[in-house]
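Single-letter residue listing:
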Amino acid sequence: MPAINWDDLQALADRLTQPGRNQADISDADLLMLDQALEQLRTAQDWPDIIRLRRMFNALLARDTFTGLLVMQRLSSAAITAAEQLGDKQELAHLLGAEGHNLHRQGYHRKAIEAFERSAQLFQETGDPYQSLKNYFMTSLCHRALGDRQRARQILDDVLQRTSPDDPWRGEPLQVMSWLTQDEGRLADAERLLREAIEHQRRGKDSDILVAGALTDLAEMVGLQGRVEEAKDLFQQSLSFLSRHEGQYNRQEARTRLKLADLLMQQKEYEQALQLLNEAEDRISVYGLYYDLVWRIEMTRAFIFFRLGHWTNALRKARSALHIRRRLGLSIRMLLRQLVSRLHAGTGLPR
Amino acid sequence: MRKVRWRRVIRVLAALALVASVLALISDRTFAALATAIGALMVLISSFVGEQASQAESNHLGAPSPFYPNDCGDKGLDLGQRRLQMSLAFGTYFTGLLERDHCYVALKGQIAWPDASGQEILEPVESIFWSLDRSDGPQVFIIAAEGGMGKSTLAAKIVRCLVEKQAVDMILGDSAKTQQVNAVTGEINVLVPAYYDTTTFIERLCAQVSLPFDRNRDDARRMLTPIKDRLAGRRAVIVLDNLETVTDSDDLYRVVSELASRDRRVIITTRKATGLHVLERNKRIVHLRPLIRPDAVEDFLVWHIQQYQSEYFELRQLRQDIHHKTHLTRLIERTGGIPLLMQLVISDVARLSWDYVDRLPSLFGHELLDYLYRERWSELGACGADGELAQQLLRLIAREQYQGKKVTLERIGHWAQEHRRADQLSTAARLLIERFLVVNHDPVRGNFTVFPSLAEFLQKQH
């Protein structure tokens, strides 16, 4: 059995977390090295070293590109088992929170809620109420995705009450609150909340990606209110932030392109919108399994093909979106209800 | 644009006429109302059918260019961030073929292409491109030939050309692996290519198009429709490389064929294609024939010497010889016209003499290939410490190539230093290069590879 080369594994983690074209130099052998190390540690039930290995890849697993790789998923679940075996509540709370994020990104919202709730509980038990609050907050995003907006709002109200007005993190619950407000058709109020959220996020440390995500939402909101040029400018600002982290936040980049494509569809610039959707799809289908974004891309394509009069493709894309949602355990009826209400209110496609 | 608007106007008018005539038919039941309803319905249907046809036409693969020249696809692809995805699917050998410049040489009489009649003016490769360009052209290409004939090289050339001409925007597919690494021990296990199955292929494809798939729960065949739905509106080439056999009754072949369409071309490479004599219109087999024409062999050897003379200087001495018909005929007779065998033998001729060709045993195809590899392996064993190092180096390159690593000069240098054999490295490398056991595709940084048949041979050596 070969010995584990920790230096090489650290070097791999460093390469994978570098922005730019470095991923092009990563080979199957690199992933095999990680897989082999993990298998060896699991076979030997070497729990502390599994945690050590997982920590090496903490930054990578918190981002939006490589979390779909099978070896990364195996590493995450092995680390959770290791933390359980060691009885390390603090570590387990952290790992469950990260797992919740990844499940939510993929579209498995019910499982994500379980992970976040367990994480929040453990952080509470270990005397870290702030981290507990952050995980509790994350359940609001999942409830919203599952269509339970009332529960999502209750959680957000609770979270905002328990957060200091000058805390930069307050931007996150405010951002989600703006989505709920948008869902209700109150676009001007949603825009005000988002601008407030961005102000908070700008004050945070290393908050580029958060700001980029919020700018994307703001661009969508502004576009829905008919200020197209301003919206396009905001989309460009968001993409410019993301370009500084090339290859590290592919899902975020795809999300921004998807929303820009929505705007272009409204402007009847169908070819350009389809091109953007292809680019978005190419970004998330490399090393990630971000099904939750894939069905949205397919739904937007269905609308574009429908407007172009390409009926067959429109039906295929609608069927594709429904197929993926079904596989994620998401209600089709809820989607149709949202679709009708949001299109009627002019608040964009369901999110 | 105007055409589309007119169609919409006609459609609206037809719909209104249909509604009015149905209402009239309910109240009066006259023949005129019935005729009007039928007429309006037909106009309505035909407006949709016409649009579907024009839509499909605008989507079809060859839209961007009316003609692909012979040198299309000569330039390697920059796979960028997708390199890992490609090498995970196809392995480093095929990925390398996609990336390298000028890895293909067109040879007279090598490609047996069934659509050639009427296109005699075109080279066979151009003829393949021409048929790909046509919306009614074949959708499934099966490239069939024995090992060493250049199946994967031709497949890579076609894929590169399609990408270069923006005729496809997605490369999907898989390669039937012949080796598998044990994740615990790191040992490489040999797999039989024939064991490659439909479920493995569908699993790979689902991952490539971001569709959830659980091989323990999902029926692979039922994923065909979701995959087609995912690919609707995009232009893809699906490559299935290195199959052992393809027959009409193969489940895998049928599944892959079902995926093919005007916007989704399928390329399969296989050693044997049997029972496919009655082919549907949308399928073609491209057989790679041995090189039996001396002029074709001459072209091939000129190309070979040009490609490899900078690393193996002795090849230059043969530049005059290869124009002698006697030599060419002898080479064809003894190698059966298989390109890889010719490359190995011509390297021996450069080291030894043309008499070597006559001393070859009466073996053909893979038996001769096996003989040549065995001979070389024994020779290296007899070369003392340098030969032993060359054997180790060969194993290193084969192993790392399988694992998807690019084997650079720097990597080999480090490896030799670790083994305290740096001073012997250049001699060992020369022993391999002059026997055509390794090929270096990047003279500056180094990019060493071995042929898949040699990798298989090395697996059997202890």
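In this text the structure is predicted, and so the values were computed from the model without any measurement.

**A short note on the overall build of chain A**
Inference 1: Secondary structure assignment for chain A yields 18 helices and zero strands.
Inference 2: Rg of the C-alpha trace for chain A: 21 Å, near the compact-globule value of 20 Å for 351 residues, within the 12% margin.
Inference 3: For chain A, the spread of C-alpha atoms along the three principal axes comes to 60 × 45 × 35 Å.
Inference 4: For chain A, the residues scored as buried account for 53% of the 351 residues in total.
Inference 5: In chain A, the proportion of contacts linking residues at least 24 apart, taken out of those at least 6 apart, comes to 57%.

**Some remarks on the overall build of chain B**
Inference 1: Looking only at helices and strands, one finds 17 helices and ten strands in chain B.
Inference 2: Here chain B holds 462 residues, and 42% of them are scored as buried.
Inference 3: In chain B, 72% of the contacts between residues at least 6 apart in sequence involve partners at least 24 apart.

**Remarks on the sheet that holds strand 1 (residues 111–112) of chain B**
Residues and elements named next belong to chain B.
Inference 1: With mixed pairing, six strands are arranged side by side in an open sheet as 1-8-2-7-6-3. Two strands close off the open sheet at either side, each with one partner strand: strand 1 and strand 3 (170–175).
Inference 2: As judged from the two bridges shared by strand 1 and strand 8 (residues 283–288), these two strands associate in the antiparallel manner. In the strand pairing of strand 8, A112 is matched with H287.

**Quick look at helix 7 (residues 224–231) of chain B**
Inference 1: Those residues of helix 7 of chain B lying buried are B:P226, B:I227, B:D229, B:R230 and B:L231.
Inference 2: Of the surrounding secondary structure, the elements contacted by the buried residues of helix 7 of chain B are helix 17 (311–327) of chain A together with helix 6 (198–208), strand 6 (236–247), helix 8 (251–259) and strand 7 (264–274) of chain B.
Inference 3: Positive backbone phi, approximately 85°, marks B:G233, located one or two places after helix 7 of chain B.

**Points about the confidence of the model for chain B**
Residues and elements named next belong to chain B.
Inference 1: With 87% of its residues at a pLDDT of 70 or more, chain B shows a mean pLDDT of 83.
Inference 2: This stretch, residues 53–66, has a pLDDT under 50; its non-local contacts, to residues over four places away or in other chains, come to 26 contacts.
Inference 3: Predicted complex metrics record ipTM = 0.89 and pTM = 0.82.

**A closer look at helix 8 of chain B**
Given 3.6 residues to a turn, an α-helix orients residues that are three or four positions apart in the same direction.
All names here are of chain B.
Inference 1: Within helix 8, burial applies to L252, Y253, V255, V256 and L259. Considered in projection along helix 8, the buried side chains sweep an arc of 165° and stay on one side of the axis. Turned more than 90 degrees off the buried face of helix 8, the exposed positions are D251 and R254.
Inference 2: On its buried face, helix 8 sits against helix 6, helix 7, strand 6 and strand 7.

**Comments concerning the nonpolar core**
Inference 1: By size, the foremost hydrophobic cluster in this structure holds 118 residues, and its most contacted members are B:I142, B:I143, B:V159 and B:I267.
Inference 2: Taken domain by domain, this core gets at least three of its residues from each of domain 2 (80–288) and domain 3 (294–460) of chain B.
Inference 3: Listed in part, the 104 residues of the second largest apolar core include A:F137, A:A152, A:W179 and A:Y291.

**As for the pairing of strand 2 (residues 140–144) of chain B**
All names here are of chain B.
Inference 1: By the criterion of burial, strand 2 is predominantly enclosed, with five of the five residues buried.
Inference 2: In strand 2, alternate side chains face the same way, and those of V140, I142 and A144 on one face and F141 and I143 on the other are all buried.
Inference 3: Bridge count between strand 2 and strand 7: five bridges; the pairing is parallel. Bridged to F141 within strand 7 is I267.
Inference 4: Looking at chain direction, strand 2 and strand 8 are connected through five bridges and run parallel. Each residue of the ladder has a partner; that of I142, found in strand 8, is I285.

**Structural notes on the packing of helix 5 (residues 70–86) of chain A against helix 6 (residues 89–106) of chain A**
All names here are of chain A.
Inference 1: For the pair helix 5 and helix 6, interaxial distance at closest approach is 9 Å and the crossing angle is 155°. The angle between the axes of helix 5 and helix 6 places the two elements in the roughly antiparallel class. Once helix 5 is placed against helix 6, the crossing between them reads as left-handed. Here S76, A79, I80, A83 and E84 of helix 5 come into contact with helix 6, specifically with E91, L92, L95, L96, A98, E99 and N102.
Inference 2: Of the residues that constitute the contact of helix 5 with helix 6, the class distribution is seven nonpolar, two polar and three charged.

**Quick word on the environment of B:D101**
All names here are of chain B.
Inference 1: Considering the arrangement of structural elements, one finds D101 in the loop between helix 3 (83–99) and strand 1.
Inference 2: Looking at D101, the number of C-beta atoms within 10 Å reads 10, which means it is exposed.
Inference 3: Distance in space between the C-alpha atoms of D101 and Q139 is 26 Å, their sequence separation being 38 residues.
Inference 4: In this view, D101 contacts D74, K75 and G76; residues no more than four positions away in its chain are not counted.

**Section: the environment of B:N242**
Inference 1: Structurally, B:N242 is set in strand 6.
Inference 2: Through-space distance from the C-alpha of B:N242 to that of B:D174 is 9.0 Å; in sequence the pair is 68 residues apart.

**Section: unusual backbone geometry**
Inference 1: Not every positive phi belongs to a glycine, and A:K268 is a case in point at roughly 65°.
Inference 2: Here A:K268 lies in the loop between helix 14 (250–266) and helix 15 (270–284).
Inference 3: Located in the positive-phi region is B:F436, a residue other than glycine, with phi close to 55°.
Inference 4: For B:F436, the position within the fold is in the loop between helix 16 (425–433) and strand 9 (439–440).
Inference 5: Residue classification places B:F436 among the buried residues on the basis of 24 C-beta atoms within 10 Å.

**Observations concerning the packing of helix 6 of chain A against helix 8 (residues 129–145) of chain A**
Residue and element names in this part refer to chain A.
Inference 1: Put simply, helix 6 and helix 8 touch, their axes get as near as 11 Å, and they point 20° apart. Of the possible angle classes, the one that applies to helix 6 and helix 8 is roughly parallel. The handedness of the crossing between helix 6 and helix 8 is left-handed. Side by side, helix 6 and helix 8 meet where A93, G97, G100 and H104 of the first sit next to Q131, N135, M138, L141 and C142 of the second.

**Considering the environment of A:R257**
Residue and element names in this part refer to chain A.
Inference 1: Mapped onto the elements, R257 comes out in helix 14.
Inference 2: Judged by C-beta crowding, with 27 C-beta atoms within 10 Å, R257 ranks as buried.
Inference 3: Counting along the chain gives 109 residues from R257 to D148, while the straight-line C-alpha distance between them is 27 Å.
Inference 4: Excluding residues that lie within four positions of it along the chain, R257 makes contacts with L276, E279 and A280.

Rules behind the numbers
Residues numbered from 1 in each chain as written. Chains lettered and ligands numbered in written order. Predicted model: local features only at pLDDT ≥ 70, side-chain atom pairs only at ≥ 80, totals over all residues. Helix = DSSP H or I, 4+ residues; strand = E, 2+ residues; numbered from the N terminus. Rg over C-alpha atoms; globule rule 2.2 N^0.38 Å. Buried ≥ 20, exposed ≤ 12 C-beta atoms within 10 Å, placed from the backbone. Contact = placed C-beta atoms within 7 Å. Pairing = 2+ DSSP bridges. pLDDT = per-residue confidence, 0-100. Arc of directions from axis to C-beta. Core = buried A, V, L, I, M, F, W, Y, C linked by C-beta atoms within 7 Å. Domains from an automatic or database assignment. Axes fitted to C-alpha atoms, helices over the stretch in contact; angles between N-to-C directions. Parallel < 35°, antiparallel > 145°, perpendicular 65-115°, else oblique. Left-handed = near helix turned anticlockwise from the far one by under 90°. Nonpolar A, V, L, I, M, F, W, Y, C, P; charged D, E, K, R; others polar.

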